[in-house]
Amino acid sequence: MGNFTIRFWGVRGSYPIPGAQSVRFGGNTSCVELNIGNRRLIIDGGTGIIGLGNQMLKESFAAKKAINTTILFSHMHHDHNQGFPFFKPAFIDSTTLHIFGPRSFQMDFDKVLAGILQPPFFPVELSEMRSKKFISNISENDILLMSAVNDTVPRLHTTHLDKSTIASDDILVEVLKSFAHPKGGTLFFKVSYKDYSMVFASDTEGYLWDDQKLINFAKNADVLIHDAQYTTEDYIGQNGFSRQGFGHSTPEIAIEVAKKANVKQLVLFHHDPEYSDEKIALIEAHSRMKHPDCIAAYEGLSIDLTKGFSKLKRVQIKGINTI
Ligand SMILES: [Zn+2]
Ligand SMILES: [Zn+2]
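Since we're looking at a predicted model, the values are computed, not measured.

A. Structural detail: the pattern of salt bridges. In total, this model carries 14 salt bridges according to the counting rule given. A salt bridge links Lys213 to Glu140, with the shortest nitrogen-to-oxygen separation between them at 3.6 Å. Here Glu140 lies in the loop between strand 6 (132-137) and strand 7 (143-147) and Lys213 lies in helix 3 (residues 212-217), a separation of 73 residues in the sequence. Here Asp304 and Lys307 are joined by a salt bridge, their closest N and O atoms 3.3 Å apart. Residue class for Asp304 comes out buried when judged on its relative accessible area of 18%. Assessed through its relative accessible area of 67%, Lys307 is described here as exposed. Within the structure, one salt-bridge network assembled from shared partners comprises Glu33, Arg40 and Glu59.

The following block contains the structure:
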């Protein structure tokens, strides 16, 4: 099984945005699904995970097969976990979830996750969700291995691992910590399988002369999903409100990283909820003039790494040339 597909279920940052201005790119917050071989991985549990959970339930019911999946949380800001309490598979006792996320503010990840599922914020506690949950810390330099062939338990290596021991049908997840996001930083993930790889690097502000650690981490990856929340004008605050220090990037920052890392396809991600479909399409069009190999993420965008990127479908909006 050589497939490696990325599907976007939530592409917004900060908060979900319903309404007529967000129907094309979508209004849900961060959630990305990876299907690799027979294995599904989910990155982030923003509100996009709700629709993904519903789809997983349908598939599971039709195939008469229990859900067994792995979820990686980059960090625990609301826009990256707010959908998890409504992720229906977590309420079903036949479901198995392997959940990984960062320690935050001296707290283990299982405690942090439990913190978003408790009264008075939510009526159901994490322990009351009936699925089998295996919750672990994951941090920089950890390596997570899992078979792409079957649903055997993912193996987390927190000490040095000789990469030559990785089996050919293993999926490899590597982790890099970014400190360029307030106040506890965030995790970047690199997921590799056979000759293919993708990097998820959201919620980061970039650096002067670019984030060299990220450039090395993403070197020659097929796909880089990078934060591109603000236009340069909004980032510096041309209209009187600067977003510097908010922990987010501009498309230009993302493009520089993508070019220097020599990635094949850049995906602009974590769109500002105040940006309309037209504005994001314009951002994409301007970005493509600087770097043709980029696309603005939208809900439903599916990228098959094994098929190349020339036929990716873009959001088309009358009067805006995104070709
Ligand atoms: Zn975010
Ligand atoms: Zn954040």
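Okay, back to it.
B. Seen up close, the coordination of the zinc ion (ligand 2). Taken together, His75 (NE2), His77 (ND1), His181 (NE2) and Asp203 (OD) make up the protein donors of the zinc ion (ligand 2), found 2.1 to 2.5 Å from the metal. Around the zinc ion (ligand 2) sit four donor atoms; with metal-centred angles ranging over 90 to 176°, the donor geometry is irregular. For the zinc ion (ligand 2), the single-chain donor residues occur in sequence as H-x1-H-x103-H-x21-D. A distance of 3.5 Å spans the gap from the zinc ion (ligand 2) to the zinc ion (ligand 1), which Asp203 bridges by coordinating each metal. Among the residues examined, His75 registers a relative accessible area of 3% and is labelled buried. On the basis of relative accessibility, which here comes to 32%, the residue His77 falls in the partly exposed class.

C. Region of interest: the packing of helix 5 (residues 251-261) against helix 6 (residues 277-290). Contact geometry for helix 5 and helix 6: axes closest at 11 Å, N-to-C directions at 35°. Crossing geometry of helix 5 relative to helix 6 is assigned as right-handed. Within the contact between the two elements, helix 5 uses Pro251, Glu252, Ile255 and Lys259 and helix 6 uses Ile283, Ser287 and Lys290. Here the contact of helix 5 with helix 6 is composed, by residue class, of three nonpolar, one polar and three charged.

D. Inspection of the coordination of the zinc ion (ligand 1) at higher detail. Taken together, the protein donors to the zinc ion (ligand 1) comprise Asp79 (OD), His80 (NE2), Asp203 (OD) and His270 (NE2), at separations of 2.1 to 2.2 Å. Its four donor atoms give the zinc ion (ligand 1) angles of 92 to 163° at the centre, a pattern that matches the irregular case. Sequence spacing of the donors to the zinc ion (ligand 1): D-H-x122-D-x66-H.

E. Examining the sheet that holds strand 2 (residues 31-36) more closely. Read from one edge to the other, the open sheet built from seven strands follows the order 6-5-4-3-2-1-15, with strand pairing classed as mixed. Since the sheet does not close on itself, it has two edges, and those belong to strand 6 and strand 15 (302-304), each with one partner. Shown here is a sheet whose adjacent strand axes are inclined to one another by a mean of 20°, direction ignored. Where strand 3 (residues 39-43) meets strand 4 (residues 68-72), three bridges bridge the pair, whose relative direction is parallel. Paired with Ile43 across the bridge in strand 4 is Leu72. Packed on one face of the sheet, helix 1 (residues 48-63) meets strand 1 (4-10), strand 2, strand 3 and strand 4 and runs near 165° to strand 3.

F. A look at unusual backbone geometry. Along the chain, Pro119 connects to Pro120 via a cis peptide bond; the corresponding omega equals 10°. Within the fold, Pro120 resides in the loop between helix 2 (109-115) and strand 6. For the peptide bond that leads from Pro182 to Lys183, omega is -15°, which places it in the cis range. Mapped onto the elements, Lys183 comes out in the loop between strand 9 (170-178) and strand 10 (186-193). Positive phi, close to 75°, is recorded for Asn141, a residue that is not glycine.

Criteria and thresholds
Residues numbered from 1 in each chain as written. Chains lettered and ligands numbered in written order. Predicted model: local features only at pLDDT ≥ 70, side-chain atom pairs only at ≥ 80, totals over all residues. Heavy atoms only, no water. Salt bridge = Lys/Arg side-chain N within 4 Å of Asp/Glu carboxyl O. Helix = DSSP H or I, 4+ residues; strand = E, 2+ residues; numbered from the N terminus. Buried < 20%, exposed > 50% of the residue type's maximum accessible area, 1.4 Å probe, protein only. Donors = N, O, S within 2.8 Å, 3.2 Å for Na, K, Ca; no water. Tetrahedral: all angles 85-135°; square planar, octahedral: opposite > 155°, others 65-115°. Axes fitted to C-alpha atoms, helices over the stretch in contact; angles between N-to-C directions. Left-handed = near helix turned anticlockwise from the far one by under 90°. Contact = heavy atoms within 4.5 Å. Nonpolar A, V, L, I, M, F, W, Y, C, P; charged D, E, K, R; others polar. Pairing = 2+ DSSP bridges.

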